[in-house]
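Notes for the structure review
Read off the chains here:
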Amino acid sequence: RPEQQHRKIALCADPSSGLTPEQKELQRVAQDFAKNEMVPNRKNWDENEIFPISTIQKAGSLGFGGMYCREDIGGTGLSRVDSSIVAEALASGCTSTTAYITIHNMCCWMIDKFGNQKQRERWLPDLTSFRKRASYCLTEPGSGSDAASLITTAKSDGDHYIINGSKMFISGESHCYVVMVRTGQSGSKGISCVVIENETPGINLGKNEKKLGWKTQPTHAIMFEDCRVPKKNLIGQEGQGFNIAMHGLNGGRVSIASCSLGAAQATLEMSLEHLAVRKQFGRPLASNQYLQFRLAEMATDLVASRLMVRNAARALDAGSPDLVSLCSMAKLFATEKCFKICNDAIQMHGGYGYLNEYGVHQFMRDARVHTILEGTNEIMRMLISRDLLKE
Ligand code: FAD
Ligand code: 2MC
């Protein structure tokens, strides 16, 4: 099938360039999983809006359910750089499914990092193995970019919270919802983080939204109506929830940017193949200098994006003081450049790029939303400029 004809990529644009032998091996495992489990199915998942739970469970058996969680509760204990390498490789197989896998990983890390030992032992073995799935719930109908204005309330009632309100655009149908709720004053300091299990009475999922891309994972509103949640499900302290949510998102932004790298890599490889094979004016398209220069620009943007993403992942690993800006810069840069690469790949395929059969536009549609979610790229610009301008 046309979309499976990938060409071997030159070393300069090869995602394995500069990696250690161990990292190359990890990458190979993820690439093989993408090639064998995702590529043959991604078109069907996309066209029929199938959430491929059994494939996600298989990814769990390779350690991709809790990549950067600690090992005592089933995590894989990878660095953020290594996790980014895995996410990129998986996303070159199916970007949308991988993006959900990264959201689940972010939730697991939030419980691993900020939860107590009992909570870690209660939820993480099932989550890191992907026997169960997690979703991240911050956005509300009235609070998107201005996340600290959220109004879902958690009122104290003995040893329970009573949760009322609704969340919007929640990715994945999951067993554990990691939910940011208001337990106190207005603003970021009145927000707490609680885990709400899917069988808790009072949770209702809205319809599965129809979307441009990310069709292999469901997106729902979630309504909480007098939903009683034990206080032992509080992660960290009351009032610490916004902080936990933002720390999760720093890593999430690097992961989403890594998914964009995978999409761009796949479409660049498809373009190289197409230009070599397709002839017009009596010669292969690849002999046209305009198209050669476009390929050079695509590869340069891809490699620059990868450097930004791995640099941000290293900052996360090191706990660098500039990590918020570096993660924001990586997300801003990589998601915009990689979307453009996917879009340019369609142009290079001509009319064939517009056909479902060739699979190019699935990557473009999936990568489009990466400039919007996990903090829009305008919010990334805000975070970076605030850092630059601070006294
Ligand atoms: P708004 O905040 O209303 O923004 C609209 C536009 O105005 C944007 O371009 C924005 O950048 C711009 N803007 C806003 N404020 C400013 C400003 N001060 N300066 C300049 N420009 C500004 N959320 C979750 O919590 N969990 C999920 O799992 C999740 N999954 C998602 C999946 C999908 C497919 C989508 C589409 C969204 C998902 N989201 C999720 C929500 C996502 O994070 C929000 O859509 C995003 O943060 C933007 O919020 P908004 O849509 O309310 O846009
Ligand atoms: N890392 C660590 N801390 C952060 C942070 C970050 N990335 N961003 C903000 N904070 C801290 C900040 O330092 C401050 O701490 P303190 O009060 O201790 O000084 C606190 O959070 C409040 O921050 P601000 O004073 O900057 O609050 P403000 O309301 O002005 O801005 C903003 C907050 C816009 C940065 C935040 O609301 C935001 O990131 N909005 C985007 C929302 C978002 O990313 N949503 C994604 C939903 S998930 C999703 O889409 C999925 C697909 C899963």
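The next thing to look at is the packing of aromatic side chains. In the structure shown here, the tally under the stated rule is four aromatic pairs. Measuring from ring centre to ring centre gives 5.2 Å for Phe 51 and Tyr 100, while their planes differ by 80 degrees; the resulting arrangement is edge-to-face. Highlighted residues: Phe 51 in the loop between helix H2 (42-47) and helix H3 (53-61) and Tyr 100 in helix H5 (residues 95-114), separated in sequence by 49 residues. Note on Tyr 100: relative accessible area 0%, which makes it buried.

Moving on to the packing of helix H7 (residues 241-277) against helix H10 (residues 360-368). Running from amino to carboxyl end, H7 crosses H10 at an angle of 155 degrees, the nearest separation of the two axes being 10 Å. One way to sum up the angle between H7 and H10 is to call them roughly antiparallel. Judged by the twist between their axes, the crossing of H7 over H10 is left-handed. Here H7 contributes Ala 263, Ala 266, Thr 267 and Met 270 to the contact with H10, which in turn contributes Val 360, Phe 363 and Ala 367. For the contact of H7 with H10, the per-class residue count stands at six nonpolar, one polar and no charged.

What follows covers the domain arrangement of the chain. As assigned here, the chain comprises domain 1 (2-133), domain 2 (135-240) and domain 3 (243-389). One C-alpha centre belongs to domain 1, the other to domain 2; they are set 25 Å apart. With 25 residues of domain 1 in contact, the opposing surface of domain 2 contributes 25 residues. When the two sides are added together, the surface that domain 1 and domain 2 hide from each other amounts to roughly 2,300 Å², 60% of it contributed by carbon and sulfur.

With respect to the helices and strands, the residue Thr 300 is situated in helix H8 (residues 289-318). Thr 300 gets classed as exposed once you look at its relative accessible area, which sits at 51%. Separated by 288 residues in the primary sequence, Thr 300 and Cys 12 place their C-alpha atoms 9.0 Å from one another.

With five bridges joining them, strand E2 (residues 153-157) and strand E3 (residues 160-171) adopt antiparallel strand pairing. When the sheet's bridge partners are listed, Ser 156 is paired in E3 with Tyr 161. In this structure, the hairpin formed by E2 and E3 is closed by a connection of two residues, where Gly 158 is found at a positive phi of approximately 65 degrees.

Further remarks concern the site of ligand 1. Lining the immediate surroundings of ligand 1 are 18 residues, of which Thr 139, Ser 145, Phe 169, Thr 376 and Glu 378 lie closest. Between a nitrogen atom of ligand 1 and a side-chain N or O atom of Ser 171, the distance comes to 2.7 Å. Between ligand 1 and Glu 378, the relevant distance is 2.6 Å, taken from an oxygen atom to a side-chain nitrogen or oxygen of the residue. Counting residues per element, the shell around ligand 1 draws most heavily on E3, which supplies three residues.

Before going further, it helps to examine helix H9 (residues 323-348). Across its 26 residues, H9 extends 36 Å between first and last C-alpha, which sits within 8% of the 38 Å expected from 1.5 Å per residue. Positioned one or two residues after H9, Gly 350 has a phi angle of 60 degrees, which is positive.

Definitions and cut-offs
- Residues numbered from 1 in each chain as written.
- Chains lettered and ligands numbered in written order.
- Predicted model: local features only at pLDDT ≥ 70, side-chain atom pairs only at ≥ 80, totals over all residues.
- Heavy atoms only, no water.
- Phe/Tyr/Trp six-rings, centres within 6.5 Å; stacked < 30°, edge-to-face > 60°.
- Helix = DSSP H or I, 4+ residues; strand = E, 2+ residues; numbered from the N terminus.
- Buried < 20%, exposed > 50% of the residue type's maximum accessible area, 1.4 Å probe, protein only.
- Axes fitted to C-alpha atoms, helices over the stretch in contact; angles between N-to-C directions.
- Parallel < 35°, antiparallel > 145°, perpendicular 65-115°, else oblique.
- Left-handed = near helix turned anticlockwise from the far one by under 90°.
- Contact = heavy atoms within 4.5 Å.
- Nonpolar A, V, L, I, M, F, W, Y, C, P; charged D, E, K, R; others polar.
- Domains from an automatic or database assignment.
- Buried area = accessible area lost by both parts, 1.4 Å probe.
- Pairing = 2+ DSSP bridges.
- Near = heavy atom within 4 Å.
- Polar contact = N/O pair within 3.5 Å; in protein donor to acceptor, adjacent residues only side chain to side chain.
- Expected span 1.5 Å × (residues − 1).

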